[in-house]
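Examination of the molecular architecture
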Amino acid sequence: MHKILVTGGCGYIGSHTIVDLIDHGFEVISADNLSNSSEAVLDGIEAITGRRVHNYAIDLCDLAATEAMFKAHDDLAGVIHFAALKHVGESVEQPLRYFRNNLNSLINVLDCMVRYDVPNFIFSSSCSVYGNASELPVTEKTPLEEAESPYARTKQMGEQMVHDFSHRHPGQNNILLRYFNPAGAHESAKIGESPTTPASNLVPVITEAAIGKRKALMVFGDDYNTRDGSCIRDYIHVMDLANAHTKALQHLIAGKQEAPVSVFNLGIGEGVTVLEAVNAFMKVTGEKLPYHIGPRRPGDVVAIYANYKKAADQLGWAPKRDVNDIMRTAWNWEKVRSQAKEEV
Ligand code: NAD
Ligand code: WQD
């Protein structure tokens, strides 16, 4: 059984990926300092998989603590590095905090992988590396434009660091996964998105508005040059995204990767407007969603969606779910989460 270290394993995408990894026969340990999560998610993972995952509640910027963990697990087959701060607006306010956290943690993880001979690495990158993309759909060859935020720059720099690292360490195999807009929750509603900082992404804002945690959803602009005037994004279900990590890992472990670093876009390959997402939510759940049109949000790109053909061809991966599945599972999770809070 291959043992994998998942950093950020208590977070949103990390926790769903752990479930998929266990479902595919991997043994998993997690390292998460709980800066945007809680270990309660491990109960959910256990309820789904029957396995208790151990979390090292360490800050990966702490090299000594990180190294001690690697030393205790000198048989790792790979690392999936999710741990990072991820709020675009916050990164504009606190750029150094973002550079310090996202880059130092990556440096320490790569350093320990060399010291302890861990051969396979997967890095959570983001469609934000494309900036205001010059072509649609975006392929992995689409040029990277100027980063729109310090957060996006940490992803561009992180990718670059992995490339430079690979030149010096040709025995290491690396995959950079560029996620588009992850959303939705596990079908069981036992895990989902539960950040300790306020949500700002569209889907959690929708479910929070529908359940009454916030007054309404504000749609950021309906005067863009799109089919209904609202922005277009590529929303990918978190379990499809999770499965792409499993496939990427299997690809690396099987020695199928030809280049030291490969990059893959992960989206569903279709653009959905904000108003289409709103309508999908109401149709799928039968709930009313209070919303109103507001001004454009500074920094928003008009439209972005992925071409995922490379992941399909090389990893044998394809998304199975759509925006309706995202809304249904996100809503089920919101109901469970809100009920649990009421009972406390
Ligand atoms: P998340 O905040 O839910 O999970 C990240 C986890 O990392 C958190 O649990 C946090 O506590 C932990 N963490 C942060 N810094 C740490 C550190 N120094 N040491 C140890 N743990 C630390 O975020 P997510 O949505 O699951 O995102 C996972 C990854 O995917 C991140 O790298 C993010 O940038 C990237 N990504 C996310 C999205 C998205 O929209 N969710 C899109 C593209 C890329
Ligand atoms: C989606 C659409 C908003 C909230 C961000 C990061 C990106 C990546 C994914 C990490 C946009 C609209 C939203 C609301 C709205 N993350 N919206 N009202 O900005 O596409 O991408 O998450 O790597 O780097 O930038 O995602 O969910 O914030 O917005 O109208 O209250 O929903 O304008 O068109 P975004 P989002």
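Residues numbered from 1 in each chain as written. Chains lettered and ligands numbered in written order. Predicted model: local features only at pLDDT ≥ 70, side-chain atom pairs only at ≥ 80, totals over all residues. Heavy atoms only, no water.

1. Details of the site of ligand 2
Condition: By convention in this text, a residue qualifies as near a molecule or strand provided that one of its non-hydrogen atoms is within 4 Å of it. Between N or O atoms, a polar contact is any pair within 3.5 Å; within protein, one atom must be a potential hydrogen donor and the other a potential acceptor, and residues adjacent in sequence are included only when both atoms are from side chains. Labels follow the DSSP assignment, with helices taken as runs of H or I lasting at least four residues and strands as runs of E lasting at least two, numbered in each case from the N terminus.
Around ligand 2 sit 19 residues in total, of which Ser-126, Tyr-151, Met-218, Arg-233 and Asp-300 are the nearest. Within the contact set of ligand 2, an oxygen atom lies 2.7 Å away from a side-chain nitrogen or oxygen of Ser-126. With respect to ligand 2, the backbone of Met-218 contributes an N or O atom lying 2.7 Å from a nitrogen atom. Contributions of two or more residues to the shell around ligand 2 are made by α7 (202–211) and β8 (217–220). With four residues, β8 is the single largest residue contributor to the shell around ligand 2.

2. Topic: empty space enclosed by the protein
Once rolled over the atoms, a probe with the size of a water molecule shows which space is left empty. Spelled out, the test is: Of the two site types, the cavity is a set of points on a 1 Å grid over the protein atoms alone where a 1.4 Å probe fits but cannot get out, and the pocket is an open set with protein on both sides within 12 Å along at least five of seven lines, each lined by residues with an atom within 4 Å of a point. Grid points are joined across faces, edges and corners, and a volume is the space filled by probe spheres set on the points. Residues are grouped as follows: Ala, Val, Leu, Ile, Met, Phe, Trp, Tyr, Cys and Pro are nonpolar; Asp, Glu, Lys and Arg are charged; every other residue, Gly included, is polar.
Counted under the stated rule, the structure contains three cavities of 30 Å³ or more. By volume, the largest cavity amounts to about 100 Å³. Surrounding the largest cavity, Tyr-12, Ala-183, Gly-184, Glu-193, Val-203, Pro-204, Thr-207, Ala-330, Trp-333, Glu-334 and Arg-337 form its lining. When residues of the lining of the largest cavity are traced back to their parent elements, those giving at least two are α7 and α11 (323–343). Broken down by element, the lining of the largest cavity gets its largest block of residues, four residues, from α11. Residues that form the lining of the largest cavity fall into these classes: six nonpolar, two polar and three charged.

3. A closer look at the packing of helix α5 (residues 95–115) against helix α6 (residues 150–168)
Packed helices, taken two at a time, are described by their axes: the angle between them and the distance between them. Formally: A fitted line through C-alpha atoms represents every axis, and for helices the fit uses only the stretch in contact; the resulting angles, taken between N-to-C directions, go from 0 to 180 degrees. In this scheme, roughly parallel covers angles under 35 degrees and roughly antiparallel covers those over 145, while 65 to 115 is roughly perpendicular and the rest are oblique. By convention the crossing between two helices is left-handed if the near helix lies anticlockwise of the far one by an angle smaller than a right angle, and right-handed if it lies clockwise. Should any heavy atoms of two residues lie within 4.5 Å, those residues are considered in contact.
Two elements in contact, α5 and α6, have axes whose closest approach is 9 Å; the angle formed by their N-to-C orientations is 20°. In terms of orientation, α5 and α6 fall into the roughly parallel class. The crossing of α5 and α6 is right-handed. Together, Pro-95, Tyr-98, Phe-99, Asn-102, Leu-103, Leu-106, Ile-107, Leu-110 and Val-114 of α5 and Pro-150, Tyr-151, Arg-153, Thr-154, Met-157, Gly-158, Met-161, Val-162 and Phe-165 of α6 make up the contact between the two elements.

4. Quick look at the pairing of β8
Which entries qualify depends on this criterion: Each residue is assigned to one of three classes by its accessible area relative to the maximum for its type, calculated with a 1.4 Å probe on protein chains only: buried under 20%, partly exposed between the two thresholds, exposed over 50%. For two strands to be treated as a pair, DSSP must find no fewer than two bridges joining them.
By the alternation rule, side chains of β8 split into Leu-217 and Val-219, which are all buried, and Met-218 and Phe-220, of which none is buried. Looking at chain direction, β8 and strand β13 (residues 291–294) are connected through four bridges and run parallel. Across the sheet, Val-219 pairs through a bridge with Ile-293, a residue of β13.

5. Points about the site of ligand 1
To be explicit about the condition: Note on areas: Shrake-Rupley, 1.4 Å probe, and residue coverage restricted to the protein chains presented here.
Around ligand 1 lies a shell of 28 residues, among which Asp-32, Ser-37, Phe-82, Lys-86 and Tyr-151 are the nearest. Contacts to ligand 1 include Leu-60, whose backbone N or O atom sits 3.0 Å from a nitrogen atom. Within the side chain of Asn-101, one N or O atom sits 2.8 Å away from a nitrogen atom of ligand 1. The protein chains hide 96% of the 820 Å² of surface that ligand 1 would expose on its own. At the level of elements, α1 (12–23), β5 (120–126) and α6 are the ones that each hand at least two residues to the shell around ligand 1.

6. Details of the pattern of salt bridges
The cut-off we apply is this: Salt bridges are defined by distance alone: a side-chain nitrogen of Lys or Arg within 4 Å of a carboxyl oxygen of Asp or Glu.
The final tally for this structure, using the stated rule, is 19 salt bridges. Between Arg-115 and Asp-111 there is a salt bridge, with its nearest N and O atoms 3.1 Å apart. Residue Arg-115 and its partner Asp-111 are both found in helix α5; the two are separated by four residues, about one turn of the helix. Here Arg-296 and Asp-223 are joined by a salt bridge, their closest N and O atoms 3.0 Å apart. Of the two residues, Arg-296 sits in the loop between β13 and α10 (309–315) while Asp-223 sits in the loop between β8 and β9 (232–233), which places them 73 residues apart along the sequence. Here the salt bridges share partners, and the residues they tie into one network are Asp-43, Glu-46 and Arg-52.

7. A closer look at the packing of α1 against helix α2 (residues 40–49)
In contact at an axis separation of 10 Å, α1 and α2 are set at 25° when each is read in the N-to-C sense. Between α1 and α2, the crossing angle belongs to the class labelled roughly parallel. Crossing handedness for the pair α1 and α2: right-handed. Contacts from Ser-15, Ile-18, Val-19, Ile-22 and Asp-23 in α1 reach Val-41, Ile-45, Ile-48 and Thr-49 in α2. The residue makeup of the contact of α1 with α2, split by class, is six nonpolar, two polar and one charged.

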